[in-house]
Amino acid sequence: EFDKVVFYGAGPCGYAAAAFSVAAPGATVVAVQPQATLDPRLTDWDDRFSEMRRLDFTDRYGFAPDMMDAAKQGFVIYDPRERLDSMHAALFARKNVLRLRTPHLGDTVQTRLIEMEILYNILALAGADRLTERQFYKLYRARRSNGPYLRKLMARLEQDERPYLMALLCRNVTSRLRAPRFRRRLEALRT
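What comes next is a walk through the structure. (Residues numbered from 1 in each chain as written. Predicted model: local features only at pLDDT ≥ 70, side-chain atom pairs only at ≥ 80, totals over all residues. Heavy atoms only, no water.)

### Examining the overall build of the protein
Then step 1. Looking only at helices and strands, one finds 9 helices and 4 strands in the protein.
Then step 2. Overall size of the protein, expressed as C-alpha extent along the three principal axes, is 60 × 40 × 25 Å.
Then step 3. Burial status across the protein gives 42% buried among its 191 residues.
Then step 4. Considering only residue pairs separated by 6 or more positions, the protein has 58% of its internal contacts joining residues 24 or more positions apart.
Then step 5. About 10800 Å² of surface is accessible on the protein, with carbon and sulfur atoms providing 50% of the total.
Then step 6. Of the charged side chains in the protein, 32 are positive and 23 negative, and the gap between their average positions amounts to 10 Å. (Helix = DSSP H or I, 4+ residues; strand = E, 2+ residues; numbered from the N terminus. Buried < 20%, exposed > 50% of the residue type's maximum accessible area, 1.4 Å probe, protein only. Contact = heavy atoms within 4.5 Å. Areas by Shrake-Rupley, 256 points an atom, 1.4 Å probe, with all protein chains shown as cover. Lys, Arg positive; Asp, Glu negative; His and termini not counted. Charge placed at Lys NZ, Arg CZ, Asp CG, Glu CD.)

### Focus on the pattern of salt bridges
Then step 1. Following the criterion strictly, the structure yields 7 salt bridges and no others.
Then step 2. For arginine 94, the salt bridge is made with aspartate 69, and the minimal N-O distance between the two is 3.2 Å. Residue arginine 94 is found in the loop between helix H3 (83–90) and strand S4 (97–101), and its partner aspartate 69 is found in the loop between helix H2 (64–67) and strand S3 (73–78); the two are separated by 25 residues along the sequence.
Then step 3. Overall, aspartate 69 belongs to the partly exposed group, its relative accessible area being 47%.
Then step 4. Ionic pairing is found between arginine 156 and aspartate 160, a salt bridge with its closest N-O pair at 3.1 Å.
Then step 5. The exposure class assigned to aspartate 160 is partly exposed, which follows from its relative accessible area of 36%.
Then step 6. Among the ionic contacts, a cluster of salt bridges with common partners joins Lys4, Lys72 and Asp129. (Salt bridge = Lys/Arg side-chain N within 4 Å of Asp/Glu carboxyl O.)

### Side note on helix H7 (residues 147–159)
Then step 1. Taking 1.5 Å per residue as the helical rise, H7 with its 13 residues ought to reach 18 Å, and the 18 Å between its terminal C-alpha atoms agrees with that figure.
Then step 2. By the burial criterion, the buried members of H7 are Tyr149, Leu150, Leu153, Met154 and Leu157. Mapping the buried residues of H7 onto a view down its axis gives an arc of 135°, with all of them on the same face.
Then step 3. Against helix H6 (133–140), helix H8 (163–176) and helix H9 (180–190) lie the buried residues of H7. (Expected span 1.5 Å × (residues − 1). Arc of directions from axis to C-beta.)

### Observations regarding the nonpolar core
Proteins that are soluble and globular tend to have nonpolar side chains buried together.
Then step 1. Core analysis: the largest hydrophobic core is formed by 31 residues, its most contacted members being Ile77, Leu113, Ile122, Leu169 and Phe182.
Then step 2. Elements that contribute at least two residues to this core include exactly strand S2 (28–32), S3, helix H4 (109–115), helix H5 (119–127), H6, H7, H8 and H9.
Then step 3. What phenylalanine 182 contacts, discounting residues up to four positions off in sequence, is Leu150, Arg151, Met154, Leu169, Cys170, Val173 and Thr174.
Then step 4. Formed by 20 residues, the second largest nonpolar core is a distinct cluster that contains Ala17, Ala18, Ala24 and Ala71. (Core = buried A, V, L, I, M, F, W, Y, C linked by side-chain atoms within 4.5 Å.)

Take a look at the structure:
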């Protein structure tokens with residue numbers, strides 16, 4: 001009976017948001033790091049949530065991506081570097097689903113989006129049918145001031161042995177933020 005319905009959830013609640021969206025055809029779904037299903041026949045590669053594998057995932061709501069077919073628009077937000085989340089996100093490949101990659105946010109994407117103060121804007125835009133890939137990534141630029149994101153990016157550059165890129169990152173961060181760790185790393189790179 002509502003003009004506009006938005007389902008939102010993160011992790012297992014992202015699964016629920018996607019799966020139960022079929023109950024309101026034409027709804028919008030925003031799912032952060034959702035699981036597609038925990039049916040061991042389909043996702044035996046995911047060793048998380050072992051206690052939930054005893055549930056029946058063969059009924060109507062068992063495979064969340066299929067349930068999103070009735071949605072007007074779906075958004076799946078995930079970190080492609082988190083292997084299991086990325087594998088679940090791939091199962092959501094649908095015409096009406098936009099998969100939004102957020103590299104270097106790790107396994108706490110929802111927390112990082114809240115810290116950046118953009119999650120509620122994302123939901124508001126989705127509810128107004130104005131969330132696009134471009135709008136999302138415009139908001140996502142807030143990551144440039146998010147400490148956990150920047151530290152994860154620096155660790156990745158360290159792991160990949162990219163000293164020049166790390167120096168550029170440290171110089172950029174220290175020019176905009178008070179970041180002693182980045183300043184020390186920049187000085188070490190210069191010596």
